[in-house]
Amino acid sequence: MDINLGLFSERLRRLLAGEEGTLPDAAKEGIQNLHTEIEVVTSWLRDYDYDLAWLLMQIGAAAEDQIHSTDLKAIMKEINRFAYESEKVIDTFIIPTIMEQQKSGSSSKEIRDALLGLQRKIIDIKQWMQQIEHIPFDIIDVFKLYKAEARKSPAFLCFFKFFKTEASSFKNRDNDIVGLDDKMEELLDHLIEGPPQLSVVAVLDSVGLDKTAFAAEAYNSNYVKHYFDCKAWVPVSILYQPDSLLDNIIKFLMPSSKLSEVMEDRDYEMRKIIHLHGYLMSKRYLIVLDDVWTNDVWEFIQEILPDNLNGSRVLTTVSNIEILSSFQLENGQHIRLDLVPAGGPLRVTYEGWPFLILYHGSLSLEENREKILAEPFGDQVLTYSKFPLYFKLCGLYLSVFPLHSEISARQLYQLWIAEGFVRDNSEATAEEILEELIDRGFIQVKRRKASGTIKTCSFSSLVWPTILAVACTVEFIYAPVMDPQGKSRKRVRRFCANVNLGELDSFDRLDSYLHSFLYLSPESDRLNPRDIMKICKMFKFLRVLDLGSLFLDQYPAGIENLSRLRYLKLNIPSLKSLPSSLLSNLLNLYTLDMPSSYIDQTADDIWKLNKLRHLNFGLITLPAHPGKYCSSLENLNFISALRPRCCTPDILGRLPKLGSLQICGDLNYYQSLLSKSLHGLSCLESLKLVNESKMPRLSKIVLFENQFPPSLTHLSFSNTDLIDDPMPTLEKLPYLQVLKLKQNSYSGRKLACGSDGFPKLKVLHLKSMIWLEEWTMGNEAMPKLECLVVNPCAYLKRLPEHLWCMKNFKKLELWWPQPELRQKMRDFEDTEPYDIQIYPFGM
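Residues numbered from 1 in each chain as written. Predicted model: local features only at pLDDT ≥ 70, side-chain atom pairs only at ≥ 80, totals over all residues. Heavy atoms only, no water.

Here we look at the pairing of strand β27 (residues 811–815)
Side chains on a regular strand alternate between the two faces of the sheet. Put simply, the test is: By the convention used here, strands pair only if DSSP detects at least 2 bridges between them. Under the DSSP-based scheme used, a helix requires at least four consecutive residues in state H or I and a strand at least two consecutive residues in state E, with every element numbered from the N terminus.
With four bridges joining them, strand β26 (residues 787–791) and β27 adopt parallel strand pairing. Its bridge partner being in β27, Val-790 is matched across the sheet by Leu-814. In the sheet, β27 pairs with strand β28 (residues 835–839) via five bridges, with the strands oriented parallel. Directly across from Lys-811, in β28, lies its bridge partner Asp-835.

Here you go:
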């Protein structure tokens, strides 16, 4: 609960370090003294770990009438109020003076008086804290009372599970389940070889098994992909809404060409069901419903899905096991939880509909529940309360994302940095924080890149409601979905809408000192121009503005006045230019993200954005540098996607920290320019080259010696149609770890890798090399190779024998191999340690 004060202390540190500009002389001493006093208070708060953890548990569990330390609750409210008022003082008096937005800024006297007033308040808080006594009884004993309450309410259980974050319990979670591969085979058998009528397979939670991950593995298996004509993964959650469930099923199942017609019937549920029935009538389908909490879901699903008697299935994960008591056994009796068998399927019905219950715990279902509730929750709560500030901030920030959303790790890093949660503003540090959150069980990896780094992540429905509840309780965010009455919006700095556009109806009642405005719902809609103008007018102190998937018809007037913005994400497909009026005032931007915009013209003012780190567009043109009176983009680390005509030595030479670059356009026409300019990017680690030549068949792209900087670790080619074998040039890159030769990147028939080539390469993708017949590899080549993908290999007769001598080589994926090659791979399939996959499945 000390996060708001800790975050404000971090902001003062950044101010003193000059990260927000040069402080006026009148403010330096006052801010230093204020920072010192706040650090004393935050250090004292660490002695109240047990007390704060207990207080947070009581508030989060809606048991405020049982709070024993009312003084502690009052002082924490006062600390939150102080942090809020202090931020207002900094935004009102200090920042405008730094940015010279007022002619002379605030007067020295106004600044000193304001800071002195804050210093008096924090001294009063210090004196108050000295009078507070610790909770006079053992917190662990009290937690046992709440464990008893958890038996009666899923919400309590949900809250407790939030704190079960010790790394060991998550790193070894699969060890508690014996024969997991056998269980997966059993699940696949039930999905594919079950009865012809539409039936439901329900997977229950158990200690040591992540039911969502278990269902996802089946959903993504090749057996399922080839057996079912269409499939959909639909999150349900505790916030189940029938109309949203129907819309999601339709969006996942039906082709985009039919969606516009179906979704036009916004208010006519029956018409949507008729459309869905018509589409599914001749198809064998699989619907996965993840995270079911109520029997209402079964009744609705039974109404909207047709039974074609062709083996269609519904696979579901059940989070609230209490709903099983409504199911009947084959003898007509209702289920008793203590009689649900461990390790075996249970055939039941719900209102005549056949269900197969799968529970894979080693204990009975009732004992499994007892074990979950018997875990030492007090230790986990205390562990959480002792986490460093950055961990608490980044963990709670996950609450801005919708339940079950697949979160881009890159987006998460940029948001954390813009919010001031990452002390050194480094993506590498942000990645370390995310890995730690994963180890602690707050979040799960959904997808990793070929290099092994995290691409997307998500969190379970048991964690999300609690994170959101805690974030609202401590006034970290305001989310309408958790607080429809708006009780928590009085002093919050962050507003997030993550369900639908209707949540934006409440934004005009928010405080004008709001720092972050986020719309992260997956639902796309068109934003009224008046609303965006109102946002820009009301919230002039915004640092983060992310309008996500909301469509804008044009560049919004007034956004240029948000001079404190660090993160800006807009969806404007029609935008073709970045005008001076937008860029000239947004000098504090770290991230400019407009992935649907293709920019033909950019104002010279972009060179003034020397804090810019992340530039993401569908396509962007950078102008020539205007001259000596303009700075360089010295902190820019990421660009996607840059037009090749902008890749001049002068432009790229002014991007000294550029680490990731995607170039998209006519690479054939500009290959001479690229050969001269890329080598000078000494910090470049990731390079993607996408050729969009106007006459691709006449493309004659040639790779030159020393064309690429030696710092490259990731390199990708698409549609380059290289004439000569690229391996002799690329194998000399000393640090290259991932090489992807994608669709139509090389049209030759031979690849030759010399001895000692590719010393660091771990991942190699060879895709759409349709005519490749021969591949040779010298001794000692690719000594670090772990993964190889060849798609297709229709003419490739053999793989290099040297592959099987590599001690790190483990994973091989082949598409459409010749019979001779396919048979040879069959000989290796069951050989440790190789993971060999041959596609299409069944060849």
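Focus on a positive patch on the surface
Note the cut-off: For patches, a residue must show more than 30% relative accessible area and have no salt bridge; joins then use 9 Å for like charges and 5 Å for nonpolar side chains, namely Val, Leu, Ile, Met, Phe, Trp and Tyr. The protein chains shown are the only cover counted for residues, whose accessible areas, like all others here, come from Shrake-Rupley with a 1.4 Å probe. A carboxyl oxygen of Asp or Glu within 4 Å of a side-chain nitrogen of Lys or Arg is what we treat as a salt bridge. Counting rule for charge: Lys and Arg are taken as positive, Asp and Glu as negative, and neither His nor the chain ends is counted. The atoms used to mark charge sites are NZ of Lys, CZ of Arg, CG of Asp and CD of Glu. Think of it in three bands: residues with accessible area under 20% of the maximum for their type are buried, residues over 50% are exposed, and the middle band is partly exposed, with areas taken using a 1.4 Å probe on protein chains only.
A cluster of basic residues, Lys-760, Lys-762, Lys-784 and Lys-807, forms a positive patch on the protein surface. Of note, Lys-762 is situated in the loop between β23 (750–753) and β24 (763–767). According to the relative accessible area criterion, Lys-762 is partly exposed, its value standing at 35%.

Concerning helix α22 (residues 529–538)
An α-helical segment advances 3.6 residues per turn. Residues three or four places apart therefore align on the same side. Basically, it comes down to this: Summarising the geometry, the arc corresponds to the directions from the helix axis toward the C-beta atoms. In protein, a polar contact requires one atom able to donate a hydrogen and another able to accept it; more generally it is a pair of N or O atoms within 3.5 Å, and residues adjacent in sequence count only if both atoms are side-chain atoms.
Taken as a whole, α22 has its buried residues at Ile-532, Ile-535 and Cys-536. Take α22 and look down its axis: the buried residues cluster within an arc of 95 degrees, on one side only. Away from its buried face by more than 90 degrees, α22 exposes Arg-530 and Lys-537. The backbone nitrogen of Arg-530 has a side-chain oxygen 2.8 Å away, supplied by the residue at the start of α22, namely Asn-528.

Focus: the pattern of salt bridges
Taken as a whole, this structure holds 22 salt bridges when the rule is applied. A salt bridge links Arg-13 to Glu-19; its shortest N-O distance comes to 3.9 Å. By relative accessible area, Glu-19 is classed as partly exposed at 28%. Overlapping salt bridges bring together Glu-10, Arg-13, Arg-14, Glu-19 and Arg-423 as one network.

A look at the sheet that holds strand β7 (residues 407–408)
Sheets are built from strands paired through backbone hydrogen bonds, the pairs being either parallel or antiparallel. Note the cut-off: The contact rule is simple, with two residues in contact once any of their heavy atoms fall within 4.5 Å. Angles run from 0 to 180 degrees between N-to-C directions of axes, and those axes are lines fitted to C-alpha atoms, restricted for helices to the stretch in contact.
Taken together, three strands build an open sheet; the order of strands is β7-β9-β8 and the sheet is antiparallel. Single-partner strands in this sheet number two, and they are β7 and β8 (444–448). Relative to strand β9 (residues 454–458), β8 runs antiparallel, the two being bridged by four bridges. Each bridged residue has a counterpart across the sheet, and for Arg-447 the counterpart in β9 is Thr-456. Relative to β9, helix α20 (residues 427–439) is tilted by about 45 degrees, and along the sheet it contacts β8 and β9.

Some thoughts on the packing of aromatic side chains
The test is simple: Two rings from Phe, Tyr or Trp (for Trp, the six-membered ring) form a pair when their centres are within 6.5 Å of each other. A pair whose planes differ by under 30 degrees is stacked, one over 60 is edge-to-face, and the rest are tilted. Put simply, a charge is over a ring when the Lys NZ or the Arg CZ is close to the ring centre, within 6 Å, and near the line of the ring normal, within 35 degrees.
All chains considered together, the criterion is met by 18 aromatic pairs. Ring centres 5.3 Å apart and planes at 40 degrees place the aromatic pair Phe-327 and Tyr-350 in the tilted group. With Phe-327 in the loop between β4 (313–318) and β5 (344–350) and Tyr-350 in strand β5, this pair connects stretches of sequence that are 23 residues apart. For the pair Phe-327 and Tyr-350, a shared accessibility class is recorded, and that class is buried. Each ring, one from Trp-353 and one from Phe-355, has its centre 5.6 Å from the other, and the planes form 90 degrees; the classification is edge-to-face. In this structure, Lys-231 is placed above the aromatic ring of Tyr-219, and the distance from its NZ or CZ to the ring centre is 3.6 Å.

Regarding the environment of Arg-447
Inspection of the secondary structure assignment puts Arg-447 in strand β8. Taking the C-alpha atoms as reference points, Arg-447 and Ser-458, separated by eleven residues in sequence, lie 9.6 Å from one another. Contact partners of Arg-447, with chain neighbours within four places excluded, come to Glu-406, Ile-454, Lys-455 and Thr-456.

Things to note about the confidence of the model for the chain
Our working rule: Each residue carries a pLDDT score, the predictor's confidence in it, ranging from 0 to 100.
When pLDDT is averaged across the chain, the result is 80; 80% of the residues are at 70 or more. Note on residues 142–179: pLDDT is under 50 here. Beyond four places in sequence and across chains, it has 94 contacts. Below pLDDT 50 for its whole length, residues 373–381 participates in 23 contacts with residues either more than four positions away or in separate chains.

Regarding the nonpolar core
The condition that has to hold: Among the buried residues, those of types Ala, Val, Leu, Ile, Met, Phe, Trp, Tyr and Cys that are joined through side-chain atoms within 4.5 Å form a nonpolar core.
Of all hydrophobic cores here, the largest spans 108 residues; its most connected members are Phe-517, Phe-708, Leu-739 and Trp-775. Setting aside residues up to four positions removed in sequence, Leu-739 forms contacts with Leu-715, Phe-717, Met-727, Leu-730, Phe-758, Leu-761, Val-763, Leu-764 and His-765. By size, the runner-up hydrophobic cluster in this structure holds 46 residues, among which are Leu-7, Leu-412, Trp-416 and Ile-438.

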